[in-house]
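Residue-level structural notes
The lines below spell out each chain.
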Amino acid sequence: MWHLSIGGRRFALLTTNKIWCYHNKLESAIYNALEKAQRERERDLLFQVLELSPPISSPLAMELPPKVKNILLLDSEGKRIAAKYYSGDWPTNTAKEAFEKAVFSKTQKTNARTEVEVTALENNIIVYKFVQDLHFFVTGGEEENELILASVLQGLFDAVNLLLRGNADKREALDNLDLIFLCFDEIIDGGIVLETDANVIAEKAGINSIDPNAPLSEQTISQALATAREHLTRFLLLFSSVLKKTATESILQIVHDTMAASSSTILCNASESDPCRDDSAAFLLKLVAIASILLSGAAGVSVPLIGRNRRFLQTDGSLFVTAKAFAAGVILATGFVHMLAGGTEALKNPCLPEFPWSKFPFPGFFAMVAALITLLVDFMGTQYYERKQEREADDDQLQGLVVPLVGEGECNVEKVFGEEDSGGIHIVGIHAHAAHHRHSHPHGHGSCDGHSKIDIGHGHGHGHVHGGLELGSSARHVVVSQVLELGIVSHSIIIGISLGVSQSPCTIRPLIAALSFHQFFEGFALGGCISQAQFRNKSATIMACFFALTTPIGIGIGTAVASSFNSHSVGALVTEGVLDSLSAGILVYMALVDLIAADFLSKRMSCNFRLQIVSYLMLFLGAGLMSSLAIWA
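Residues numbered from 1 in each chain as written. Predicted model: local features only at pLDDT ≥ 70, side-chain atom pairs only at ≥ 80, totals over all residues. Heavy atoms only, no water.

Under an unreviewed UniProt entry, the name given to the protein is AP complex mu/sigma subunit domain-containing protein, and the organism recorded is Brassica rapa subsp. trilocularis. Quoted verbatim from the Subcellular location (unreviewed entry) heading of the UniProt record, the comment on the protein is "Membrane". Its UniProt record, at the heading Sequence similarities (unreviewed entry), says of the protein: "Belongs to the ZIP transporter (TC 2.A.5) family." (UniProt positions renumbered as here; feature names shortened; annotations may be inferred.)

Take helix 9 (residues 318–347) next. Between the first and last C-alpha of helix 9 there are 42 Å, a value that for 30 residues agrees with the 44 Å anticipated at 1.5 Å per step. For helix 9, the principal kink sits at Thr334 and spans about 35°. Of all the 30 residues making up helix 9, 21 are buried; the element is thus mostly covered by neighbouring parts of the structure. (Helix = DSSP H or I, 4+ residues; strand = E, 2+ residues; numbered from the N terminus. Expected span 1.5 Å × (residues − 1). Bend = angle between axes of the 7 residues up to and from the residue. Buried < 20%, exposed > 50% of the residue type's maximum accessible area, 1.4 Å probe, protein only.)

A separate point is the packing of helix 8 (residues 279–307) against helix 15 (residues 537–561). In contact at an axis separation of 9 Å, helix 8 and helix 15 are set at 165° when each is read in the N-to-C sense. Classed by the angle they form, the pair helix 8 and helix 15 counts as roughly antiparallel. For helix 8 against helix 15, the interelement crossing comes out right-handed. Contacts from Phe283, Lys286, Ala289, Ile290, Ile293, Leu294, Gly297, Ala298, Val301 and Leu305 of helix 8 reach helix 15 at Ala540, Ala544, Phe547, Ala548, Leu549, Thr551, Pro552, Ile555 and Thr559. (Axes fitted to C-alpha atoms, helices over the stretch in contact; angles between N-to-C directions. Parallel < 35°, antiparallel > 145°, perpendicular 65-115°, else oblique. Left-handed = near helix turned anticlockwise from the far one by under 90°. Contact = heavy atoms within 4.5 Å.)

Further remarks concern the nonpolar core. Residues Ile331, Leu484, Leu499, Ile530, Phe535 and Met590 are the most contacted members of the largest nonpolar core, which totals 59 residues. When contributions to this core are tallied by element, the ones reaching two or more residues are helix 8, helix 9, helix 13 (467–501), helix 14 (505–533), helix 15, helix 16 (570–600) and helix 18 (609–628). With 12 residues, helix 14 is the largest single contributor of residues to this core. Excluding residues within four positions of it along the chain, Met590 makes contact with Thr374, Val480, Val483, Leu484 and Leu595. With 33 residues, the next largest nonpolar core counts Ala82, Ile180, Ile187 and Ile188 among its residues. (Core = buried A, V, L, I, M, F, W, Y, C linked by side-chain atoms within 4.5 Å.)

Right under this line is the structure:
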């Protein structure tokens, strides 16, 4: 079987032995048919160039040229921008809109932005292409050649792109809708394809698209506006390229600073928001905190005061020394870990002005100043109470404290250390052993006895002096107890107010446990100092009550001002930071100098190895436990 295509039609030739003899005649007929078909095709092409209709008698001419049923231009939502129909398949506007909707629904999820795509719908072939928010469609019959329809679509696409000066979008298309319809008319006339060259189409549509420098007098209003817009865009791009780097950096910096300042202003001018906020639950927890902290503080400060009359809790017992070491560790950790850290956080808050708070380490400076002032107050207070007790002792027991050293007529004898102009030895707050006047014999019993004997008298007389030891030690404990209470009270007010202003049960719950623990052992250390100072019962009770009530009073104050208190205000932050730092300096000094050094460097501690081990363990245990509470409070 032989196959032959003539004029687009396919013929089949049967070859058998019976007709093979007619081969030459058939070959001649085939060549004649080919010549005839070629002449008819050339004639039809000539009619097409001359825009004349070919003779109806030619069956080949009836198939040429291809016909287009419609051209559609839709937006990204399927709404019509421009459309022309060349077929009666959609007689009404409703039918046209339904067809457009069906076309858009079928093609909207495809990617036709790089090349032309083809689909079939309702016995029609549709070629389409997208650019930005414009969707181009060309529809032909199912018998039409897809390549011819694609060339029509590409010509339309390129011509519109030239008409819109490369800015093909919905807004430009609506502004130049008249040019787009002219473009349709130049490509298709009555459904017959006339032109597919984009440059020719653009020229015939009345715009010199390939010459952007055409005179304005030869352009339409929309073309003139587009030209002006293009020139303005070029000028702005040139200008921005010069200032791009510096302008961009400046704008970004301004935006960043503005956003940071606005967010900081909002934070600093508003109360802190907390997802765990519950005013009623917080108020109940504050009442629990007042009761718990009051009882803990009162119990802690009362144990040493009541126990001084009990054998196992006396201030000179080993149990008291080890418990006091634990309390000293608690106070030391409170100063370093809690108070100094809290002061640093407050004075470094971004709500404070950058100058001077960010230019100098104020928390450490205030802590240092507080420690030095505490040293000065400690020294001056000790001197004052010692001299006061000396005067009182001189009036009552003049013979017991001052012993004549020289007889009459022996005024040129050399004085020993501690000898006064009156001819006696004055011992205050120290352990001393001295002798004078020719012969002196020491009678000490070793460095761990806790006291020394002093041999004083005429000739070989001997005497013992103990009054100065008791006198200096008592004055020292008076000063220590008062200064320690001052430091504890100052930070107790702050932590009480901080708990009182909080409206978050999640914050208050851990604070109750932490502050109760903290107040008990601070009270124990303070009570021990008060007990050692041997205050009268009335004075000791007043000092103990003042300590126990300070934190609950702070909680009450904080609760009263919680509704109007802004913890991020400048005044609140500065006050909190300064007081926390000063309290840290006082507590660190008192813990190291008056509690730890006074006990750990004493003769009693150095002579009792077991007491040393237990005291050091309790010291580190107290500091560690109090430090660990910083995780929750």
